[in-house]
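# Examining the three-dimensional arrangement
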Amino acid sequence: MRIGIVILPDQRWSESQRRWRQADEWGFDHAWTYDHLGWRDLVDGPWFDSMATLTAAATVTSRIRLGTLVASPNFRHPAAFARQVTALDDVSAGRVLLGLGAGGIGFDSAVLGGETLPPRQRVDRFGEFTELLDLVLREDGVTWRGDWFAAVDARNNPGCVQQPRVPFVVAANGPRSMRLVARFGQGWVTTGTGEDDLTSWWDGVGQLCARLDQTLDAAGRDPATVDRYLSLDSAPAFSLSSADFFAEQVARAAALGFTDVITHWPRASSWYAGDEAVLVDVATRLLPELRTA
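Each value, and the rule that gives it
- Each chain has its residues counted from 1, following the order in which its sequence is written.
- pLDDT decides what is reported in this predicted model: residues at 70 or higher carry local features, side-chain atom pairs at 80 or more are listed and counted, and totals for whole chains, interfaces and linings draw on all residues regardless.
- Remark: hydrogens and water are excluded; side-chain values derive from all non-hydrogen atoms of the structure.
- Here, strands pair whenever DSSP counts at least two bridges between them.
- Where helices and strands are cited, they refer to DSSP runs of H or I of at least four residues and of E of at least two residues respectively, numbered from the N terminus.
- Angles run from 0 to 180 degrees between N-to-C directions of axes, and those axes are lines fitted to C-alpha atoms, restricted for helices to the stretch in contact.
- The contact criterion used is simple: two residues touch if any of their non-hydrogen atoms lie within 4.5 Å.
- Note on ring pairs: Phe, Tyr and Trp rings are taken, using the six-membered ring of Trp, and paired if centres are within 6.5 Å. Classes follow the plane angle, with under 30 degrees stacked, over 60 edge-to-face and the rest tilted.
- The buried label applies to any residue whose accessible area, calculated with a 1.4 Å probe on protein chains only, is under 20% of its type's maximum; exposed applies above 50%, and partly exposed to all values in between.
- For a Lys NZ or an Arg CZ to count as sitting over a ring, it must be within 6 Å of the ring centre and within 35 degrees of the ring normal.
- Throughout this description, the term nonpolar core refers to a set of buried Ala, Val, Leu, Ile, Met, Phe, Trp, Tyr and Cys residues connected via side-chain atoms within 4.5 Å.
- Helix span, as expected, comes to 1.5 Å for every residue beyond the first.

## Quick word on the sheet that holds strand S10 (residues 260–264)
Taken together, the eight strands give a closed barrel; going around it, the order is S1-S2-S3-S4-S7-S8-S9-S10, and neighbouring strands pair in parallel fashion. Strand-to-strand twist of the sheet, defined as the mean angle between neighbouring strand axes without regard to direction, takes the value 25 degrees. Bridge count for strand S9 (residues 227–231) against S10 is three bridges, and the pairing is parallel. From the neighbouring strand, Tyr229 faces S10, where its bridge partner is Asp260. Against the sheet, helix H2 (residues 50–60) contacts strand S2 (30–33) and strand S3 (65–71), and its axis sits at roughly 170 degrees relative to S3.

## A closer look at the packing of aromatic side chains
All chains considered together, the criterion is met by 12 aromatic pairs. Arranged with centres 5.7 Å apart and planes meeting at 20 degrees, the rings of Trp188 and Phe258 form a pair that is stacked. One end of the pair, Trp188, is in strand S8 (residues 187–190); the other, Phe258, is in the loop between helix H8 (243–255) and S10, and 70 residues separate them in sequence. Neither residue differs from the other here; Trp188 and Phe258 are each classed as buried. A ring pair is formed by Trp271 and Tyr272, whose centres lie 6.2 Å apart and whose planes are at 55 degrees; its orientation type is tilted. Taking relative accessible area as the criterion, Trp271 reaches 32% and is therefore assigned partly exposed. Taking relative accessible area as the criterion, Tyr272 reaches 12% and is therefore assigned buried. Connected via pairs of aromatic rings, a cluster forms that spans Tyr34, Trp39, Phe238, Trp271 and Tyr272. One Lys or Arg, Arg40, reaches over the ring of Trp271 and ends 4.4 Å from the middle of that ring.

## Some details on the nonpolar core
Formed by 90 residues in total, the largest nonpolar core has its most connected members in Phe28, Phe81, Leu100, Leu133, Phe168 and Trp188. Once you skip the residues sitting within four places of it in the chain, Phe28 turns out to touch Ile3, Gly4, Ile5, Ala23, Arg63, Ile64, Leu279, Ala283 and Leu287.

## Quick notes on the side chain of Arg122
Secondary-structure assignment places Arg122 in helix H5 (residues 119–138). Contacts of Arg122, omitting those with residues within four sequence positions, involve Ala102, Gly103, Gly104, Ile105 and Leu117.

## A look at helix H1 (residues 13–26)
For H1, built from 14 residues, the straight-helix expectation of 20 Å at 1.5 Å per residue is met to within 8% by its first-to-last C-alpha distance of 20 Å. Buried within H1 we find Ser16, Arg19, Trp20, Ala23, Asp24 and Trp26. Residues of H1 that are buried in the fold lie against strand S1 (2–6), S2, H2, S3 and helix H9 (276–291). In the segment just after H1, Gly27 is the residue with positive phi, at about 105 degrees.

The following block contains the structure:
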């Protein structure tokens, strides 16, 4: 089991760099940050750009993989975003994991003044976003036009360090977005289906795993070629509420076939509120054992 951690971009770099260095030194397999212009009740507080944050993180770490959880077409264009991804992959010497999703209906979908799209249209747009991003990261001189995006002679020189491009970790719960996993994804990430009690949440996660299996089978895709990431803290209980609880949640994810789990660095209040001492305990005492389980 590989274990990752999310570090929200809500601190100045002079403060947050300690966390990125520490995650690398502790031996976490991957570290992520949110790709938003503002997020939930933190929208009025400090918030920093994900790609700049990850680029800075690449310069103070040496082995940990770095990712967006998740980038979306709410405010990104594939041709421009591809340049940022290529630069980050270069600075990090090929350590990027590119989490991609359809985008929600919060601050990001409204801040640029556009209309808030219903779910079906968001998935339509996400499909085009993913297809064009895939093309521009793999090929030079892409000209392409869809209903949502267009590109004219978009360049990718020198291309990604990771070939043929950085791995896509596609967020998907529904049938159409899961087909994007089967077509473009080297990984799948889910937050579950939003149930209010822990047992029901895990039942929902199991159902999503079965849906992915069916989707991959229908597409003729070997399940072993798609890594499976679970965001543990989308459950109705914070995974780092105690070290024992974290170990239990990792074991449940492994039993469902997940290759990777993701937790969050505890915060003082609001989302992911918890005691940083629990993270230290997990990282120093349990992480080596859990990673080899």
